[in-house]
Amino acid sequence: MKNVYLIVFALLLFNCSNDDDNSIDPTQYNASLTVLQNLENGVAVLDITTEVGVEALHGLEYGGGYIYYVDETDGSLMIAADYSEIGTKSWGDHFDLTNGELIGDGQTNTQLLVDGNLNDNSTVPNGFEFGSDDYVFKIATDLMYRDYDDWFVPSKASVEAIFNNVHMQGIGNFNENLFYWTSTKVGYHPYVMSFNPNFGGSAFFGSCFDSSAVILVRRHQ
């Protein structure tokens, strides 16, 4: 009979433990887990940043790349991935356009540049028709990479944030011997970026007639 009581007690204890486990909501911030584990459990980004700050998310590998920026208004994340594995790529057509340089502007910039390449730019002042879809902005918009298809080319401010918030932490494997395209352009002059610290971490003017390496970015909601 004593053994029966022990079995019943053990079953009650087991059921109580299960009830306690089931009462834990994985989408609530848990300080005993890492920031990445909380993200993967579906904890809201702004709930995480309230607890640990924005900087704790910078450089985490998540959403197909590395987090380089947190939008503290809507909790979206900006993700960057080095795509220099495909080699350097052309800019595409050469035409007059001034677009955005802020973080997040790259999505609109990239589409504007793809749309502009659909025109015949061979007859515009200082224009040039590349004549192929093998250019950086078309490659990014058509790409399925690491299970995501919403990649675009980063703006000037984005590449600088990637440098500061990811590369300078020793994360991301960005090649310091290459120049990378941005999607920001002033007239006929595109900004490019070097991840070599000797260049100071700021984007600078390059040439549409050069070939440069590719960074992919996406917004993760």
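Rules used in this analysis
- Residues numbered from 1 in each chain as written.
- Predicted model: local features only at pLDDT ≥ 70, side-chain atom pairs only at ≥ 80, totals over all residues.
- Heavy atoms only, no water.
- Pairing = 2+ DSSP bridges.
- Helix = DSSP H or I, 4+ residues; strand = E, 2+ residues; numbered from the N terminus.
- Contact = heavy atoms within 4.5 Å.
- Axes fitted to C-alpha atoms, helices over the stretch in contact; angles between N-to-C directions.
- Buried < 20%, exposed > 50% of the residue type's maximum accessible area, 1.4 Å probe, protein only.
- Core = buried A, V, L, I, M, F, W, Y, C linked by side-chain atoms within 4.5 Å.
- Phe/Tyr/Trp six-rings, centres within 6.5 Å; stacked < 30°, edge-to-face > 60°.
- Lys NZ or Arg CZ within 6 Å of the ring centre and 35° of its normal.

Peer 1: Quick one: what's the story with the sheet that holds strand E1 (residues 61-62), residue by residue and with numbers?
Peer 2: Read from one edge of the open sheet, 4 strands run E1-E2-E3-E9, paired in antiparallel fashion. Bordering the open sheet on either side are E1 and strand E9 (215-220), each of which pairs with just one other strand. When E1 meets strand E2 (residues 65-70), the two strands line up antiparallel, connected through 2 bridges. Counted as the bridge partner of Tyr-62 is Gly-65 from E2. Across the face of the sheet, helix H6 (residues 156-165) comes into contact with E2, strand E3 (77-82) and E9 while running at roughly 110 degrees to E2.

Peer 1: Please set out the environment of Asp-133 residue by residue, giving values where relevant.
Peer 2: Structurally, Asp-133 is set in the loop between helix H4 (106-117) and helix H5 (136-142). Residue Asp-133 is classed as exposed on the basis of its relative accessible area, which comes to 54%. A C-alpha to C-alpha distance of 7.9 Å links Asp-133 and Gly-92, two positions 41 residues apart in sequence. For Asp-133, the residues in contact, after removing those within four places along its chain, are Lys-138 and Ile-139.

Peer 1: Mind laying out the nonpolar core, listing which residues take part and the relevant values?
Peer 2: Counting 21 residues, the largest nonpolar core has Tyr-83, Trp-91, Leu-113, Val-136, Phe-137, Tyr-145 and Leu-216 as its most contacted members. At the level of secondary structure, the elements contributing two or more residues to this core comprise H4 and H5. In terms of residues, this core owes the most to one element, H5, which gives 4 residues. Sequence-distant contacts of Tyr-83, that is, excluding residues within four places in its chain, are made with Ile-139, Leu-143, Tyr-145, Val-214 and Leu-216. If you look at the next biggest cluster of nonpolar residues, it comprises 19 residues, including Ala-161, Tyr-191, Met-193 and Ile-215.

Peer 1: With reference to specific residues and values, describe the environment of Gly-201.
Peer 2: Its place among the elements puts Gly-201 in the loop between strand E6 (189-194) and strand E7 (204-205). For the pair Gly-201 and His-167, spaced 34 residues apart in sequence, the C-alpha separation works out to 9.8 Å. Sequence-distant contacts of Gly-201, defined by excluding residues within four places in its chain, comprise Glu-160, Phe-163 and Met-193.

Peer 1: Talk me through the packing of aromatic side chains; I want residue IDs and the actual numbers.
Peer 2: Enumeration over the complete set of coordinates arrives at 13 aromatic pairs. Arranged with centres 5.3 Å apart and planes meeting at 90 degrees, the rings of Tyr-180 and Phe-195 form a pair that is edge-to-face. Residue Tyr-180 is located in strand E5 (residues 179-186), and its partner Phe-195 is located in the loop between E6 and E7; the two are separated by 15 residues in the primary sequence. By relative accessible area, Phe-195 is classed as buried at 0%. Through pairs of rings, three or more aromatic residues link up here, namely Phe-163, Phe-174, Tyr-180 and Phe-195. Seen from the ring of Tyr-191, Lys-156 lies directly overhead, with NZ or CZ sitting 5.4 Å from the centre. Across the ring face of Phe-95, the terminal group of Lys-185 is positioned such that the distance to the ring centre comes to 5.1 Å.

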